[in-house]
Amino acid sequence: MTLTRRSLLATSGAAILSTTLPRRGWTETRLSLSNGAEIVTLSDGNLTLPADFIFGPMPKDELATILAGFEMDPSAPLTPPCNITLLRQGDSLALFDAGSGSGFQSSVGALPDALAAAGIDPYDITHVIFTHGHPDHLWGALDDFDEPLFANATHMMGQVEFDYWMDDATVESIGAERASFAVGARRRLELLADDMVLFADGEAVLPGVTAQLTPGHTPGHMAFVIGEGADAVMVLGDAIGNGHIAFARPDWTSGSDQDPALAAATRAALFAQIMAADMTVIGFHLQGGGIGRVTRGDDGFTFQPAI
Ligand SMILES: [Zn+2]
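Just so you know, these numbers come straight off a predicted model, no measurement behind them. (Residues numbered from 1 in each chain as written. Predicted model: local features only at pLDDT ≥ 70, side-chain atom pairs only at ≥ 80, totals over all residues. Heavy atoms only, no water.)

### A closer look at the coordination of the zinc ion
Coordination of the zinc ion by the protein involves His132 (NE2), His134 (ND1), His217 (NE2) and Asp238 (OD), with metal-donor separations of 2.1 to 2.3 Å. Bound by 4 donor atoms, the zinc ion shows angles of 88 to 172 degrees at the metal and therefore irregular coordination geometry. All donors of the zinc ion belong to a single chain; written as a sequence motif, their spacing is H-x1-H-x82-H-x20-D. Of the two residues, His132 and His134, neither departs from the other in class, the shared state being buried. (Donors = N, O, S within 2.8 Å, 3.2 Å for Na, K, Ca; no water. Tetrahedral: all angles 85-135°; square planar, octahedral: opposite > 155°, others 65-115°. Buried < 20%, exposed > 50% of the residue type's maximum accessible area, 1.4 Å probe, protein only.)

Right, here's the structure in full:
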């Protein structure tokens, strides 16, 4: 294993320690904070999505021009990575989202292998903190026997998000394309509900880790700010859901967001906040392990992965 250390944050004491291990389809990226906390992203694999799932509502000509800069074909299937964030802080070992498990797509569900390769026993996870209830974030919380995979962990979800997926009306209102999401979320949340800790916008889910309501992708989507000042890192979940169009044209509505206009407004506010605070970000579907910096371009923004 080759480790390379580089300082990504010229104005802070934070240092990035990155490694990519190209075996078994998983990757691992690390970020060490000056307060001693350590963040690792682990790959759950890659989703496979039809291009229109994201690009459907977008202007085709300009879309093609922007995607060409990423060497992407606008009609080809999308294969976004899925990055699970692991925070080791004091006595806690917290996961942000749990991956897809074995019941969603065959190209995801690699988190247990990634944990094993990193020498982490699922029983050692103390908290599983969900950004939202979509399959690639929630379904991996249960094993193939419908038992919690992270059996000793406290599971946590935003109250608004939990209530949305537990509502009988959601499966009817969410649309045919996502009806299976609603059924799957409800079933899993019912199994986790007795031990689920619900939280609100602005609450600390762990010491120094603050939940931030970022609605639009789902009604109760939560991002999380870890640390503060120049050391701050934002776990974005799917609030900025890809490293190409969501950065280059954050104002464009995306087919992957349940309330596209609200999600675009949330993205605009997040970019303003990230730039003002000079934050490092971690995106669930961003490239290069998901940890990186944001730079401003002529029109929109660019994601600069740490690796
Ligand atoms: Zn999602």
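### Section: helix α7 (residues 179-192)
In an α-helix, one full turn covers 3.6 residues, which means residues spaced three or four apart are oriented alike. Across its 14 residues, α7 extends 20 Å between first and last C-alpha, which sits within 8% of the 20 Å expected from 1.5 Å per residue. Within the span of α7, buried status applies to Phe181, Ala182, Gly184, Ala185, Arg188, Leu189 and Leu192. On the buried face of α7, the contacting elements are α4 (135-138), β8 (154-158), α5 (159-166), α6 (170-173) and β9 (196-199). (Helix = DSSP H or I, 4+ residues; strand = E, 2+ residues; numbered from the N terminus. Expected span 1.5 Å × (residues − 1). Contact = heavy atoms within 4.5 Å.)

### A closer look at the side chain of His155
Looking at where His155 falls in the secondary structure, it is placed in strand β8. Accessibility expressed as a relative area gives 3% for His155, which makes it buried. One polar contact links the side chain of His155 to the main-chain carbonyl oxygen of Ala153, over a distance of 3.4 Å. Once residues within four sequence positions are removed from consideration, His155 is found in contact with Val128, Phe130, Ala141, Pro148, Phe150, Leu192, Asp195, Met196 and Val197. (Polar contact = N/O pair within 3.5 Å; in protein donor to acceptor, adjacent residues only side chain to side chain.)

### Some words on the pattern of salt bridges
Across all of its chains, the model carries 9 salt bridges by this definition. Here Arg30 makes a salt bridge to Glu38, at a shortest N to O gap of 3.3 Å. You can call Arg30 partly exposed: its relative accessible area is 21%. Among the ionic pairs, Arg186 bridges to Asp168, the shortest N-O distance being 2.8 Å. Residue Arg186 is found in helix α7, and its partner Asp168 is found in the loop between α5 and α6; the two are separated by 18 residues along the sequence. With relative accessibility at 25%, the residue Arg186 sits in the partly exposed group. Owing to a relative accessible area of 57%, Asp168 belongs among the exposed residues under this scheme. What you see here is one network of salt bridges that share partners, running through Arg30, Glu38 and Arg88. (Salt bridge = Lys/Arg side-chain N within 4 Å of Asp/Glu carboxyl O.)

### Considerations on empty space enclosed by the protein
Tallied over the entire structure, the rule returns 2 cavities of 30 Å³ or more. By volume, the largest cavity is sized at about 70 Å³. When its residues are assigned to classes, the lining of the largest cavity shows 4 nonpolar, 4 polar and 3 charged. Roughly 50 Å³ of internal volume is contained in the second largest cavity. When its residues are assigned to classes, the lining of the second largest cavity shows 4 nonpolar, 5 polar and 1 charged. (1 Å grid on protein atoms, 1.4 Å probe; cavity = no way out; pocket = protein on both sides within 12 Å on 5 of 7 lines; lining within 4 Å. Points joined across faces, edges and corners; volume = space filled by probe spheres on them. Nonpolar A, V, L, I, M, F, W, Y, C, P; charged D, E, K, R; others polar.)

### So, the confidence of the model for the chain
Parts of the prediction with low pLDDT should not have their coordinates interpreted in detail. Averaged over every residue, the pLDDT of the chain is 90; the share at 70 or more is 91%. Confidence drops under pLDDT 50 across residues 1-25; counting only partners more than four residues distant or on other chains, this segment forms 50 contacts. (pLDDT = per-residue confidence, 0-100.)

### Some details on the packing of α5 against α7
Two numbers describe how α5 lies on α7: the axes approach to 8 Å, and their chain directions differ by 110 degrees. With respect to α7, the element α5 is oriented roughly perpendicular. Along this stretch, α5 crosses α7, giving a crossing that reads as left-handed. Listed contacts from α7 to Phe162, Trp165 and Met166 of α5 are Phe181, Ala182, Ala185, Arg186, Leu189 and Glu190. Counted by class, the contact of α5 with α7 contains 7 nonpolar, no polar and 2 charged residues. (Axes fitted to C-alpha atoms, helices over the stretch in contact; angles between N-to-C directions. Parallel < 35°, antiparallel > 145°, perpendicular 65-115°, else oblique. Left-handed = near helix turned anticlockwise from the far one by under 90°.)

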